[in-house]
Amino acid sequence: MTSSARHISRQAQRLARPSASLFRKTSTPLTRFFGTTSALHADFTHAIIGGGAVGLAIARQLQLRSSGGTSPSTVLLEQHAHHGTETSSRNSEVIHAGLYYGADTLKTKLCLRGKHMLYDLCDKQQIGYMNCGKWIVAQDEEQMEALEKVHSFAESIGVPTHFISVEEGREREPDVLAKRGILESPTTGILDSHGYMVYLRGAFEEAGGDVAVKSKVTRIEALNGTNGRDGWRIWTGSKQDSDYDENSVTAEVLINSAGLGAFSIQNMILPEDQHRKPYYAKGSYYSYSAAHPKPKTLVYPAPMPGHGGLGTHLTIDMAGQVRFGPDVEWVDDPTDYAPSGKGLQQALDDIQTYLPGLKREEVGLDYCGIRPKLSRQSAQLHGKNFTDFVIEKPKGFSGFINLVGIESPGLTASLAIGEYVEAMLYGDKEKPV
């Protein structure tokens, strides 16, 4: 049996058993980089809420950790029947180069580190990806100035980009229009995000970790009223027909990596004056059924201030099929996954600025994703409207790592985020971020 087949087989076995059976382990304490006065005897060393790409990466990283020959015990709590069904599987699947965020930010640092880790892992584990590169195109002087700023920033952080002439662009991709200029990012790529998450979960379980699906967190209590110093009790519930089944698990360390649900999880724990308001950016993606035009590289419009994303861009999937998106629609419901056609005509107009041969009638609604944001301002360049990842140990709490606003480039950064969280917990000063 192949390694991949073993992973899938183990997952099927885990999904088949009741989640309550996960709550009978007793952890062996490891040395932690936060205060405690006694060895804890919780069900698990670590409890991670959220089974998206970031949660899976953190779980794998922590479960592979050992101290003096002792392995930790880690449980991953996922509210849905399967891992990675929200933001992690409803995106462009782009491996980002790290071009759009300020130098001294977690988004940039973790994206750069995560990109290299991700390419290395994909090569070693035969996870599908394509290092297809990306073009950012400018149609006028204002957009060209934006490209020059991106190029200058990329140079300052050591990310390779270069300009190509309009003539060369026309020769390489005759269907793509760039009236003023093209900035090429050769380290951008596309990832099989589903295969990646299957690997992460399989590796986590092979190392002895447990996944509890259909386990929506309903409440959280610090044991003995100690703000986490003595550990945490996490209550989960699942609806079975008309019955409501509730279980609890204890853990020394609690990690909130719940993605769209991270705001409500943190607000169960933190005092009201530390609560954060979520902003949900719904983005619809569009399929393209025509055989032409079909560029072989990703194409992005120049980044412009005030947008909630990077514009309606052209990406390709692992089969080379062209798709477009996302657009931006602000919504209040993070579970509204019905693709919206509200922005279709505007999206078509935007796409035709760089792909004039587009057959508009061959573009249709495909799927949508929702991104958890900390504000409605620009998510792109550094400056007063920039919002970074929040990965914190909240003041006054022990054994609690809080991750909120983990949007793009979260998928690219996921392995580095796992490494970063481990360093926060255990004080590994040699970590590169």
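Our subject is the structure listed above.
In this convention, every chain numbers its residues from 1, walking through the sequence in written order. Predicted model: local features are reported for residues with pLDDT of at least 70 only, side-chain atom pairs are reported and counted for 80 or more only, and whole-chain, interface and lining totals are derived from all residues. The side-chain numbers reported here are obtained from all heavy atoms of the structure, hydrogens and water having been left aside.

### Here we look at the side chain of Asp 327
To be explicit about the condition: Numbered from the N terminus, helices here are DSSP runs of H or I no shorter than four residues, and strands are runs of E no shorter than two. A simple rule labels every residue: compare its accessible area, found with a 1.4 Å probe on the protein chains alone, to the largest value its type can have, and call it buried under 20%, exposed over 50%, or partly exposed in between. Think of it this way: Lys and Arg go in the positive column, Asp and Glu in the negative one, and His and the chain ends go nowhere. The rule for a salt bridge is simple: a side-chain nitrogen of Lys or Arg has to be within 4 Å of a carboxyl oxygen of Asp or Glu. Polar contacts here mean pairs of N or O atoms no more than 3.5 Å apart (in protein, one a potential hydrogen donor and the other a potential acceptor; neighbouring residues in sequence count only if both atoms are side-chain atoms). Contacts are residue-level and defined by heavy atoms, with any inter-residue pair within 4.5 Å sufficient.
Within the fold, Asp 327 resides in the loop between strand S16 (322-325) and strand S17 (329-331). It is Arg 371 that comes nearest to the buried, bridge-free Asp 327 among opposite-charge side chains, at 5.8 Å. Side chain to side chain, Asp 327 and Tyr 286 meet in a polar contact 2.6 Å long. Asp 327 has contacts with Lys 282, Gly 283, Ser 284, Tyr 286, Thr 312, Gly 343 and Arg 371, leaving out every residue within four places of it along the chain.

### Concerning a negative patch on the surface
What counts here: Candidate patch residues must exceed 30% relative accessible area and have no salt bridge, after which like charges are joined if within 9 Å and Val, Leu, Ile, Met, Phe, Trp or Tyr side chains if within 5 Å. Residue exposure ignores everything except the shown protein chains as possible cover, and the areas themselves are Shrake-Rupley values with a 1.4 Å probe. By convention, charge coordinates are those of NZ in Lys, CZ in Arg, CG in Asp, or CD in Glu.
Residues Asp 140, Glu 142, Glu 145 and Glu 148 make up a contiguous surface patch of negative charge. Glu 145 sits in the partly exposed class, given a relative accessible area of 47%.

### Looking at helix H3 (residues 106-125)
Side chains three or four residues apart in an α-helix point the same way, a direct result of the helix having 3.6 residues per turn. Applicable threshold: For a helix, the expected span equals 1.5 Å multiplied by the number of residues minus one.
Taking 1.5 Å of rise per residue, the 20 residues of H3 would be expected to cover 28 Å, and the 27 Å separating its terminal C-alpha atoms lies within 8% of that figure. Of the residues flanking the end of H3, it is Gln 126, one or two places downstream, whose phi is positive at about 55°.

### Some points on the packing of aromatic side chains
Note the following rule: Two rings from Phe, Tyr or Trp (for Trp, the six-membered ring) form a pair when their centres are within 6.5 Å of each other. A pair whose planes differ by under 30 degrees is stacked, one over 60 is edge-to-face, and the rest are tilted. Lysine NZ or arginine CZ positioned within 6 Å of the ring centre and within 35 degrees of the ring normal marks a charge as sitting over the ring.
Enumeration over the complete set of coordinates arrives at six aromatic pairs. The interplanar angle of 55° and the centroid separation of 6.3 Å between the aromatic rings of Tyr 101 and Phe 386 together place this pair among those described as tilted. In this pair, Tyr 101 sits in the loop between strand S3 (94-95) and H3 while Phe 386 sits in the loop between strand S18 (363-373) and strand S19 (390-392), placing the two residues 285 residues apart along the sequence. You'll find Tyr 101 and Phe 386 in the same group, each marked buried. Cluster of aromatic residues (ring-pair linked, three or more members): Tyr 100, Tyr 101 and Phe 386. For Arg 219, the ring lying beneath its charged end belongs to Trp 235, and the centroid distance is 3.9 Å.

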